[in-house]
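Examination of the molecular architecture
Residues per chain are reported as follows:
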Amino acid sequence: MAEAERIIGTSGTPDDGGERTVAPGASDSSGADQQSTADPRPGRGRRIAVLFAVAAFAYALDLVSKMIVVAKLEHHAPIEVIGDWLEFHAIRNPGAAFGFGGAFTIIFTLIAAAVIVVIFRLARKLYSFPWAVALGLLLGGAIGNLTDRIFRSPGIFEGQVVDFIAPKHFAVFNLADSAIVCGGILIVLLSFRGLDPDGTVHND
């Protein structure tokens with residue numbers, strides 16, 4: 001958690017919430033000036049709003065889809081969406097995303113909770129719109145599956161996640177898993193681009 005906060009805790013965050021390019025080895029004296037002023041830097045509030053809006057949207061889609069699946073599809077035959085290449089097939093998954101690690105339900109529950117805490121702490125220094133979207137997807141997906149872990153059977157922190165998207169020759173998953181994967185891919189792309197969560201762009 002400390003390492004994650006160190007990554008985004010760099011100076012050189014632009015005053016308008018946009019991106020700032022920092023050349024390799026170049027110093028940035030604006031950090032000291034910004035730290036000495038009592039006024040908060042504009043732009044962070046908008047990025048936080050985007051983060052939580054994306055998270056709320058992802059969570060709502062996941063929650064509603066699972067409610068429909070449990071009510072209409074569970075204990076019924078799979079529904080073919082694209083022939084036998086894609087089906088809706090309701091299952092209960094005690095493991096991680098895509099059905100892995102069924103014997104470690106409590107561990108995955110704790111990991112999901114830790115991810116949520118880290119994202120909330122990172123949001124305090126968030127000035128990048130793309131990072132806000134990526135973290136919002138991660139947050140919404142993590143909360144979606146954590147809701148299942150807490151409130152579904154067989155018990156608190158051991159609940160089984162509702163999965164229903166079943167591509168041919170692939171694991172069954174849900175919309176929360178999709179949000180987590182999309183958020184992770186976006187973070188990788190942003191990292192390759194050199195964009196930090198605080199809006200700084202490094203030209204390495």
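Residues numbered from 1 in each chain as written. Predicted model: local features only at pLDDT ≥ 70, side-chain atom pairs only at ≥ 80, totals over all residues. Heavy atoms only, no water.

**Observations concerning the packing of aromatic side chains**
- Inspection of the entire model under this criterion finds three aromatic pairs.
- Residues phenylalanine 88 and phenylalanine 164 carry aromatic rings whose centres are separated by 5.7 Å and whose planes lie at 75° to one another, so their mutual orientation is edge-to-face. A residue pair is termed long-range when its members are at least 10 positions apart, and phenylalanine 88 in strand 3 (residues 86-93) and phenylalanine 164 in strand 4 (residues 161-167) qualify at 76 residues.
- Taking relative accessible area as the criterion, phenylalanine 88 reaches 31% and is therefore assigned partly exposed.
- Classification of phenylalanine 164 as buried rests on a relative accessible area of 6%.
- Across from the ring centre of tryptophan 85, 4.6 Å away, lies the NZ or CZ of lysine 168, which sits over that ring. (Phe/Tyr/Trp six-rings, centres within 6.5 Å; stacked < 30°, edge-to-face > 60°. Helix = DSSP H or I, 4+ residues; strand = E, 2+ residues; numbered from the N terminus. Buried < 20%, exposed > 50% of the residue type's maximum accessible area, 1.4 Å probe, protein only. Lys NZ or Arg CZ within 6 Å of the ring centre and 35° of its normal.)

**A few points about the sheet that holds strand 3**
- Pairing in this open sheet of three strands is antiparallel, and the strands run 2-3-4 from one edge to the other. Strands at the two margins of the open sheet, each flanked by one partner only, are strand 2 (79-82) and strand 4. For this sheet the average axis-to-axis angle between neighbouring strands, irrespective of direction, equals 40°.
- Sheet analysis places strand 2 next to strand 3, joined by three bridges and oriented antiparallel. (Pairing = 2+ DSSP bridges. Axes fitted to C-alpha atoms, helices over the stretch in contact; angles between N-to-C directions.)

**Structural notes on helix 6 (residues 175-193)**
- Relative to the 27 Å expected for 19 residues at 1.5 Å per residue, helix 6 spans 27 Å between its end C-alpha atoms, a close match to the ideal helical length.
- Listed as buried for helix 6 are Ala176, Asp177, Ala179, Gly183, Ile187 and Leu190. Relative to the axis of helix 6, the buried residues are bounded by an arc of 160° and lie together on one face. Opposite the buried face of helix 6, by more than 90 degrees, sit the exposed residues Leu189 and Phe192.
- Looking at the buried residues of helix 6, the elements they touch are helix 3 (44-72), helix 5 (129-151) and strand 4.
- Residue asparagine 174 occupies the N-cap position of helix 6, its side-chain oxygen lying 3.0 Å from the main-chain nitrogen of alanine 176.
- Two residues or fewer after helix 6 comes glycine 194, characterised by a positive phi angle close to 90°. (Expected span 1.5 Å × (residues − 1). Arc of directions from axis to C-beta. Contact = heavy atoms within 4.5 Å. Polar contact = N/O pair within 3.5 Å; in protein donor to acceptor, adjacent residues only side chain to side chain.)

**Considerations on unusual backbone geometry**
- Cis geometry is adopted by the peptide bond preceding proline 154, which originates at serine 153 and carries an omega value of 15°.
- Mapped onto the fold, proline 154 is located in the loop between helix 5 and strand 4.
- Located in the positive-phi region is histidine 75, a residue other than glycine, with phi close to 70°.
- Along the chain, histidine 75 falls in the loop between helix 3 and strand 2.
- For histidine 169, which is not glycine, the phi dihedral falls at a positive 60°.
- Along the chain, histidine 169 falls in the loop between strand 4 and helix 6.
- Classification of histidine 169 as exposed rests on a relative accessible area of 73%.

**Structural notes on the nonpolar core**
- Of all hydrophobic cores here, the largest spans 25 residues; its most connected members are Leu51, Ile119, Leu126, Trp131, Leu135, Leu139 and Ile187.
- Counting residues per element, the ones that place at least two in this core are helix 3, helix 4 (105-122), helix 5 and helix 6.
- Element by element, the count of residues in this core is highest for helix 5, at nine residues.
- In contact with leucine 126, not counting residues within four places along its chain, are Arg44, Arg47, Leu51, Trp131, Ala132, Leu135 and Pro197.
- Judged by nonpolar contacts, the second largest core, of eight residues, contains Val69, Leu73, Ala90 and Val162. (Core = buried A, V, L, I, M, F, W, Y, C linked by side-chain atoms within 4.5 Å.)

**Thoughts on the side chain of asparagine 174**
- When you line up the elements, asparagine 174 lands in the loop between strand 4 and helix 6.
- Its relative accessible area of 0% is what places asparagine 174 among the buried residues.
- Polar side-chain contacts of asparagine 174 include one of 3.0 Å to the backbone nitrogen of alanine 176.
- Within the structure, asparagine 174 has its side chain in polar contact with the backbone nitrogen of aspartate 177 (distance 2.8 Å).
- Leaving out residues up to four positions away in the same chain, asparagine 174 has contacts with Asp62, Lys66, Asn145, Val161, Val162, Asp163, Phe164 and Ile165.

Functional significance is not addressed by these values, which are geometric in nature.
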